[in-house]
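Structural characterization, general
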Amino acid sequence: MEQQPYERTADAPASRGAPAPRARVLVVDDDPTVAEVVAGYLDRAGYLVDRAGDGPSALAGATAHWPDLVVLDLMLPGMDGLEVCRRLRGRGPVPVIMLTARGDEDDRILGLEVGADDYVTKPFSPRELVLRVESVLRRTRPRAGARSLGAAGLTLDPAARRATRGGTELALTLREFDLLAFFLRHPGRACSREDLMREVWGWDFGDLSTVTVHVRRLRNKVEDDPARPRLIQTVWGVGYRFDPAAPAGPGQE
């Protein structure tokens, strides 16, 4: 049977150990085999899974049933995954895990630049993808009793997943929010990119350029002059340090 552009799984009872309430994941891939395998693993893990085979169908599906997370192929016919990600981000916050068949670092970085929270390179292990979905969604859940954080005109409410700068709400992705929360909790601490990958992403391994891109994106939203960052400073040979009391310094990468 030919795959329809947009499909939903039946609302079957969740398997033992599945998240409650069941999170909804939108899988967007024009390869029916890949989409079927990914949807099958996620369904067995206890998620509600919607499927789309192209960009317009994905956007229509998200409008009909807003997902808790999107697994999005980079290479889609007509409208590529980058454009789909941009349009989804324009509608509201939603975590995105990008799938790419390319090993080119530029493609991975471009996906992160438009707001993807994580990426997986094809061919990939479906079990690993499920673990990444679980990791991302775990961090989106409100933290009961979590205290608000603040410094240098920045205020962050972990329970509401809301951050403001000078009273204006910031449009942060999941990882940007978690990264800012980590910095606010550890002012003055010099952190390596490996530390941030482990503490913010929850992984002991991974492409460290992911951290670099997210720091750059966060600087663009919290610094007066991102080219001369004052708050999130580069510690040469180490990594980064959040210093709310530091004067503006020379341009840093």
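Source: prediction; values computed, not measured.

Moving on, we get to unusual backbone geometry. Residue Pro123 follows Lys122 across a cis peptide bond; omega there is -10°. As for its position among the elements, Pro123 is in the loop between β6 (118-121) and α5 (126-140).

So, on to the side chain of Arg89. As for its placement among the helices and strands, Arg89 is situated in helix α3 (residues 81-91). In terms of polar contacts, Arg89 uses its side chain to reach the backbone carbonyl oxygen of Val94, at 2.4 Å. Those residues in contact with Arg89 that sit more than four places away from it in its chain are Val94, Pro95, Val96, Val114, Gly115, Ala116, Asp117 and Thr173.

With that out of the way, let us pick up the packing of helix α7 (residues 193-201) against helix α8 (residues 209-222). Between α7 and α8, the least distance of the axes is 9 Å, while the angle of their chain directions is 80°. By the angle between their directions, the pair α7 and α8 is classed as roughly perpendicular. Across from Arg193, Leu196, Met197 and Trp201 in α7, the residues of α8 making contact are Ser209, Thr210, Val211, Thr212 and His214. Residues that form the contact of α7 with α8 fall into these classes: four nonpolar, four polar and one charged.

With the rule as written, the count across this model stands at two aromatic pairs. Residues Phe183 and Phe242 carry aromatic rings whose centres are separated by 6.2 Å and whose planes lie at 20° to one another, so their mutual orientation is stacked. On the criterion of sequence distance, the pair formed by Phe183 in helix α6 (residues 174-185) and Phe242 in strand β13 (residues 239-242) is long-range, its members being 59 residues apart. The two residues Phe183 and Phe242 agree in class, both being buried. Through a chain of ring-to-ring contacts, three or more aromatic side chains come together here, namely Phe182, Phe183 and Phe242. Above the face of the Tyr41 ring, Arg44 is positioned so that its terminal group lies 4.9 Å from the ring centre.

Another aspect to go through is the confidence of the model for the protein. On average, residues of the protein score 82 in pLDDT, and 81% of them are at 70 or above. The weakest mean pLDDT in the protein belongs to strand β1 (residues 6-8) at 52; the strongest belongs to strand β2 (residues 24-28) at 95. Residue range residues 10-16 is modelled with pLDDT below 50. Its contacts to residues more than four positions away, or to other chains, number nine contacts. Within the model, the stretch residues 248-253 combines pLDDT values under 50 with 19 contacts to residues more than four positions away or in other chains.

Okay, the sheet that holds strand β9 (residues 162-165) next. Strand order in the open sheet formed by four strands is β7-β8-β9-β10, and the pairing between neighbours is antiparallel. The open sheet has two edge strands with one neighbour each: β7 (149-151) and β10 (168-169). The pairing of strand β8 (residues 154-157) with β9 spans four bridges and is antiparallel. By the bridge assignment for β9, Thr155 is matched with Thr164.

Attention shifts here to α3. Side chains three or four residues apart in an α-helix point the same way, a direct result of the helix having 3.6 residues per turn. All of the buried residues along α3 are Gly81, Leu82, Val84, Cys85, Leu88 and Arg89. End-on, the buried residues of α3 take up no more than an arc of 160°, which puts them together on one face.

Let us now look at the pairing of strand β3 (residues 48-52). Two faces belong to every sheet, and in a regular strand the side chains alternate between them. Most of β3 sits out of view: five of its five residues are buried. Alternating residues of β3 divide into Leu48, Asp50 and Ala52 and Val49 and Arg51, and every residue in both groups is buried.

Another point: the pattern of salt bridges. Counted according to the given criterion, the structure contains 15 salt bridges. The closest approach of N and O atoms between Glu128 and Arg132, which form a salt bridge, is 3.0 Å. With Glu128 and Arg132 both in helix α5 and four residues apart, the pair spans about one turn of that helix. Judged by relative accessible area, Glu128 falls into the partly exposed class, the value being 26%. Under the relative-accessibility criterion, Arg132 is labelled buried at 11%. The partner of Glu169 in a salt bridge is Arg162, with the nearest N and O atoms 3.2 Å apart.

Rules used in this analysis
- Residues numbered from 1 in each chain as written.
- Predicted model: local features only at pLDDT ≥ 70, side-chain atom pairs only at ≥ 80, totals over all residues.
- Heavy atoms only, no water.
- Helix = DSSP H or I, 4+ residues; strand = E, 2+ residues; numbered from the N terminus.
- Polar contact = N/O pair within 3.5 Å; in protein donor to acceptor, adjacent residues only side chain to side chain.
- Contact = heavy atoms within 4.5 Å.
- Axes fitted to C-alpha atoms, helices over the stretch in contact; angles between N-to-C directions.
- Parallel < 35°, antiparallel > 145°, perpendicular 65-115°, else oblique.
- Nonpolar A, V, L, I, M, F, W, Y, C, P; charged D, E, K, R; others polar.
- Phe/Tyr/Trp six-rings, centres within 6.5 Å; stacked < 30°, edge-to-face > 60°.
- Buried < 20%, exposed > 50% of the residue type's maximum accessible area, 1.4 Å probe, protein only.
- Lys NZ or Arg CZ within 6 Å of the ring centre and 35° of its normal.
- pLDDT = per-residue confidence, 0-100.
- Pairing = 2+ DSSP bridges.
- Arc of directions from axis to C-beta.
- Salt bridge = Lys/Arg side-chain N within 4 Å of Asp/Glu carboxyl O.

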